[in-house]
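# An overview of the molecular structure
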Amino acid sequence: MGAWVMATTAVLLFAPMAQKDAAAATAALASADPAVRTRAACDLRALGSGALPALPKLTALLDDGSPVDAAVCGDRTWRFHGSQDSTSPGEQAASALVAIGSPAYDPLTKVLKGPAWIGRANAAWALGAMRNKNAVPLLSQSLRDGEAAVRSKSAWAIGALSGSEAVPALVEALKDSDAGVREQVAWALGAIGDRRAVDGLIGALSDTAPGVRKQAAWALGAIGDGRAVNALTKSLKDTDPGVRKQAAWALGAIGG
């Protein structure tokens, strides 16, 4: 009983402190300094579901692409796929919304359809990170977004969600005009592992961008379909050493 009383007392004492921290961080989201806004989003992420009162303001912050040093939150910075030296208030707001959980799902889907491409890109990433497969149809539509960053994040999210229903849309997106998007799409298809993607990925082995060819080779190895053996064998003579190395790995994974 003594231990239970101590634990209950600790919870009761912590609750007002957490509420105070959440209120202070929520207020800081409106700062004129992007670094302060970013740190506030990181603080709210650390509170998890306790940051729920800040949900509207965090959602509104998704459009904020102000560049900020990635070290601004120290070890608490949620590092995004593809991020290097910088982050933004919008990126860290997305991570805070993921930490809040299911209440953030509907607001994120609305931002995914919104007018600001930065917000759409951040929302796409967050929907993938939330692991809610209900988002796959919406993300499939976003593969046709007018901004490459949104298309790329949507492809990543579909792969993270193992959204096999989106394979036809992803295969079509292997023809995207942006090489970075095509590369991300190839990764998503490999992550999903659906054999319907094999023919499209074989075609991607002839892409003009080495990064796409390399990712396609990896994806084919990850899927493990023997139909890719001949094309991967040809890729052993690719002009790019990274592609040759990945093709060799893929052949080993398939057993060719």
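Look above for the structure.
Below is a short write-up of the structure. (Residues numbered from 1 in each chain as written. Predicted model: local features only at pLDDT ≥ 70, side-chain atom pairs only at ≥ 80, totals over all residues. Heavy atoms only, no water.)

This part covers the packing of aromatic side chains. Applying the stated criterion to the full structure yields one aromatic pair. Seen from their ring centres, Trp125 and Trp156 are 6.1 Å apart, and the 15° between their planes marks the pair as stacked. Taken together, the residues span a long stretch of sequence, with Trp125 in helix 6 (residues 117-129) and Trp156 in helix 8 (residues 148-160) at a distance of 31 residues. Pair check on accessibility: Trp125 and Trp156 agree, each one buried. (Phe/Tyr/Trp six-rings, centres within 6.5 Å; stacked < 30°, edge-to-face > 60°. Helix = DSSP H or I, 4+ residues; strand = E, 2+ residues; numbered from the N terminus. Buried < 20%, exposed > 50% of the residue type's maximum accessible area, 1.4 Å probe, protein only.)

A few words on the nonpolar core. One broad rule of soluble globular proteins: the nonpolar side chains tend to lie buried together. In terms of nonpolar packing, the biggest core is built from 72 residues, with Leu44, Leu58, Leu108, Leu139, Leu170, Leu201 and Leu232 touching the most fellow members. Beyond its immediate sequence surroundings of up to four residues, Leu108 is in contact with Leu62, Leu97, Ala123, Ala126, Leu127 and Met130. Within the second largest apolar cluster, five residues are counted, among which are Ala35, Cys42, Val68 and Val72. (Core = buried A, V, L, I, M, F, W, Y, C linked by side-chain atoms within 4.5 Å. Contact = heavy atoms within 4.5 Å.)

On inspection of all chains with the given rule, the structure shows 10 salt bridges. A salt bridge links Glu172 to Lys175, with the shortest nitrogen-to-oxygen separation between them at 3.8 Å. Taking the shortest distance from any N to any O, the salt bridge between Arg182 and Asp207 comes out at 2.7 Å. Of this pair, Arg182 sits in helix 10 (residues 179-192) while Asp207 sits in the loop between helix 11 (198-204) and helix 12 (210-223), placing them 25 residues apart in sequence. Owing to a relative accessible area of 8%, Arg182 belongs among the buried residues under this scheme. Residue Asp207 is classed as buried on the basis of its relative accessible area of 13%. In this structure, a network of salt bridges that share partners links the residues Arg195, Asp199, Asp225 and Arg227. (Salt bridge = Lys/Arg side-chain N within 4 Å of Asp/Glu carboxyl O.)

Helix 6 packs onto helix 5 (residues 105-112) with a crossing angle of 140° between their chain directions and a minimal axis gap of 8 Å. Classified by the angle between their axes, helix 5 and helix 6 sit oblique to one another. Where helix 5 crosses over helix 6, the two elements pack in a sense that is left-handed. Residues Tyr105, Leu108, Thr109, Val111 and Leu112 of helix 5 form the contact with helix 6, whose participating residues are Gly119, Arg120, Ala123, Ala124, Ala126 and Leu127. Across the contact of helix 5 with helix 6, the residue classes break down as eight nonpolar, two polar and one charged. (Axes fitted to C-alpha atoms, helices over the stretch in contact; angles between N-to-C directions. Parallel < 35°, antiparallel > 145°, perpendicular 65-115°, else oblique. Left-handed = near helix turned anticlockwise from the far one by under 90°. Nonpolar A, V, L, I, M, F, W, Y, C, P; charged D, E, K, R; others polar.)

Scanning the model with the defined rule gives one disulfide in all. Between the sulfur of Cys42 and that of Cys73 lies a disulfide, 2.1 Å long from S to S. In this structure, the disulfide formed by Cys42 and Cys73 twists by about 90° around the S-S bond and is classed as right-handed. Here Cys73 lies in the loop between strand 1 (68-69) and strand 2 (86-87) and Cys42 lies in helix 2 (residues 34-46), a separation of 31 residues in the sequence. (Disulfide = S-S within 2.5 Å.)

Quick look at the environment of Glu183 now. Positionally, Glu183 belongs in helix 10. Looking at Glu183, the relative accessible area reads 32%, which means it is partly exposed. Along the chain, Glu183 and Val212 lie 29 residues apart, while their C-alpha atoms are 4.4 Å from each other. Here Glu183 is in contact with Gly211, Val212 and Gln215, once residues within four sequence places are set aside.

On to the packing of helix 12 against helix 14 (residues 241-254). Where helix 12 meets helix 14, the closest approach of the two axes is 8 Å, and the angle between their N-to-C directions is 10°. With respect to their mutual orientation, helix 12 and helix 14 come out roughly parallel. In contact with Pro210, Arg213, Lys214, Ala217, Trp218, Leu220, Gly221 and Ala222 of helix 12, helix 14 contributes Gly242, Val243, Gln246, Ala247, Trp249, Ala250, Ala253 and Ile254. When its residues are assigned to classes, the contact of helix 12 with helix 14 shows 11 nonpolar, three polar and two charged.

In this section: the environment of Ala155. By the element assignment, Ala155 lies in helix 8. Among the residues examined, Ala155 registers a relative accessible area of 0% and is labelled buried. In this structure, the C-alpha to C-alpha distance between Ala155 and Trp187, residues 32 residues apart in sequence, is 8.4 Å. Apart from residues no more than four positions distant in its own chain, Ala155 is found in contact with Leu143, Leu170, Gln184, Val185 and Ala188.

Below, the discussion takes up the side chain of Asp194. By the element assignment, Asp194 lies in the loop between helix 10 and helix 11. Accessibility expressed as a relative area gives 17% for Asp194, which makes it buried. Here the side chain of Asp194 touches Arg196 through a polar contact of 2.9 Å, landing on its backbone nitrogen. Not counting chain neighbours up to four residues away, the residues in contact with Asp194 comprise Ser164, Val167, Leu189 and Ile223. (Polar contact = N/O pair within 3.5 Å; in protein donor to acceptor, adjacent residues only side chain to side chain.)

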